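A look at the structure
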Amino acid sequence: MDRDPDCPRRGSPARVSGVFNRPLSSSNGHGTEQSRSYGHGELICQEGESSSEMFVIQSGSVRIFKARPPGPGRSSQPPEIELALLHKGDFFGEMSLLEGLPRDASAQAQGSAEVLVITPGALLVRLRRDPTFAFELLRRLSSRVRSLNARLIAALAEQEGDARASAQPPLLYATESK
């Protein structure tokens, strides 16, 4: 019997990133995923807009960023704060899909990029048909929370003048090595 390559072996760490590379479709049209292409510098979604799709990068890279809030002493700083640079197999936009709230950040193609657009209905179809997708989604979200916790502790320690604050990566959350 052939083993499913996306199903982790008992006792081995779960690595099922291939689940983000397989499009699914539904005959009823509610769960259809579609691919979209973007040119260099083109916005995929913008902070503050209301939409409910999430995106999986099929090729290329996508920069995730927020507008820098105005304030004293910030005129010499860049107008944007880069949160992440994502690559093939990474996802973004899940917060708006899951919470139904406006976009928390903007996403911009770096070079040409192709993304898989997943609507709420398509996410439900995918979760039913491919439970490893849910597991991988949760695993990556957990990793992002863990990274944010470490960065928050470092920022608080630095703010308090703690010399133990170590140098942090420039991004809000790091992606897995490819």
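Everything that follows concerns the structure shown earlier in this document.
All values reported here derive from a predicted model rather than from experimental measurement. (Residues numbered from 1 in each chain as written. Predicted model: local features only at pLDDT ≥ 70, side-chain atom pairs only at ≥ 80, totals over all residues. Heavy atoms only, no water.)

1. Describing the pattern of salt bridges
Filter applied, for reference: Any carboxyl oxygen of Asp or Glu within 4 Å of a side-chain nitrogen of Lys or Arg constitutes a salt bridge here. Secondary structure follows DSSP: runs of H or I at least 4 residues long count as helices, runs of E at least 2 residues long count as strands, and numbering of each begins at the N terminus. Only protein chains enter the accessibility calculation, which uses a 1.4 Å probe; a residue is then buried when its area is under 20% of its type maximum, exposed when over 50%, and partly exposed in between.
Scanning all chains against the criterion turns up ten salt bridges. A salt bridge links Arg-140 to Asp-90, with the nearest nitrogen and oxygen atoms 3.7 Å apart. Here Arg-140 is found in helix H3 (residues 131–159), whereas its partner Asp-90 is found in the loop between strand E4 (80–87) and strand E5 (91–92), with 50 residues between them in sequence. Assigned by exposure class, Arg-140 and Asp-90 land together as buried.

2. What about the packing of helix H2 (residues 120–129) against H3?
For the record, the criterion: What counts as an axis is a line fitted to C-alpha atoms, over the stretch in contact for a helix, and the angles between N-to-C directions run from 0 to 180 degrees. Orientation categories follow fixed angle ranges, with anything under 35 degrees roughly parallel, anything over 145 roughly antiparallel, 65 to 115 roughly perpendicular, and all other angles oblique. We call two residues in contact when some of their heavy atoms are within 4.5 Å. All residues other than Ala, Val, Leu, Ile, Met, Phe, Trp, Tyr, Cys, Pro, Asp, Glu, Lys and Arg, Gly among them, are scored as polar; the first ten of these are nonpolar and the last four charged.
Contact geometry of H2 with H3 gives a least axis separation of 4 Å together with a crossing angle of 110°. Comparing their axes, H3 and H2 come out roughly perpendicular. Contact residues: Leu-123, Arg-126, Leu-127, Arg-128 and Arg-129 in H2; Pro-131, Phe-133 and Ala-134 in H3. Its residues assigned to classes, the contact of H2 with H3 shows five nonpolar, no polar and three charged.

3. Details of the pairing of strand E3 (residues 54–67)
Which entries qualify depends on this criterion: Note on pairing: two strands pair once DSSP finds at least 2 bridges between them.
Judged by how many residues are buried, E3 sits mostly within the fold: ten of 14 residues are covered. Across two bridges, E3 lies against E5 in antiparallel orientation. Residue pairing across strands places Val-56 opposite Phe-91, the latter belonging to E5. Bridge count between E3 and E4: seven bridges; the pairing is antiparallel. Considered in E4, the bridge of Val-62 is made with Leu-86.

4. Thoughts on the packing of aromatic side chains
Keep this limit in mind: When the centres of two rings from Phe, Tyr and Trp lie within 6.5 Å, Trp using its six-membered ring, the rings pair. Their planes under 30 degrees apart give stacked, over 60 give edge-to-face, and anything left gives tilted. Charge-over-ring placement is defined geometrically: NZ (Lys) or CZ (Arg) within 6 Å of the ring centre, and within 35 degrees of the ring normal.
As enumerated under the stated definition, the model contains one aromatic pair in all. With centroids separated by 5.0 Å and ring planes inclined at 20°, the aromatic side chains of Phe-55 and Phe-92 adopt a geometry described as stacked. Of the two residues, Phe-55 is situated in strand E3 and Phe-92 in strand E5; the sequence distance between them amounts to 37 residues. An identical accessibility class is assigned to Phe-55 and Phe-92; each is buried. Sitting over the ring of Phe-65, Arg-63 keeps its end group 4.0 Å from the ring centre.

5. Some details on the environment of Ser-35
Definition in use: Counted as a polar contact is a pair of N or O atoms within 3.5 Å, where, for protein atoms, one must be capable of donating a hydrogen and the other of accepting one, and residues adjacent in sequence contribute only when both atoms are in side chains.
Note that Ser-35 resides in strand E1 (residues 34–38). Classification of Ser-35 by relative accessible area gives partly exposed; the value is 42%. Sequence separation of Ser-35 and Ile-57 is 22 residues, and the distance between their C-alpha atoms is 9.5 Å. At 2.5 Å, the side chain of Ser-35 forms a polar contact with the side chain of Glu-114.

6. Side note on H2
Using the following cut-off: The reported arc concerns the directions from the helix axis to the C-beta atoms and nothing else.
Among the residues making up H2, those that are buried are Ala-122, Leu-123, Val-125 and Arg-126. Buried positions in H2, seen along its axis, are confined to an arc of 165° and lie on one side of it. Taken together, the buried residues of H2 touch E3, helix H1 (94–99), strand E6 (106–118) and H3.

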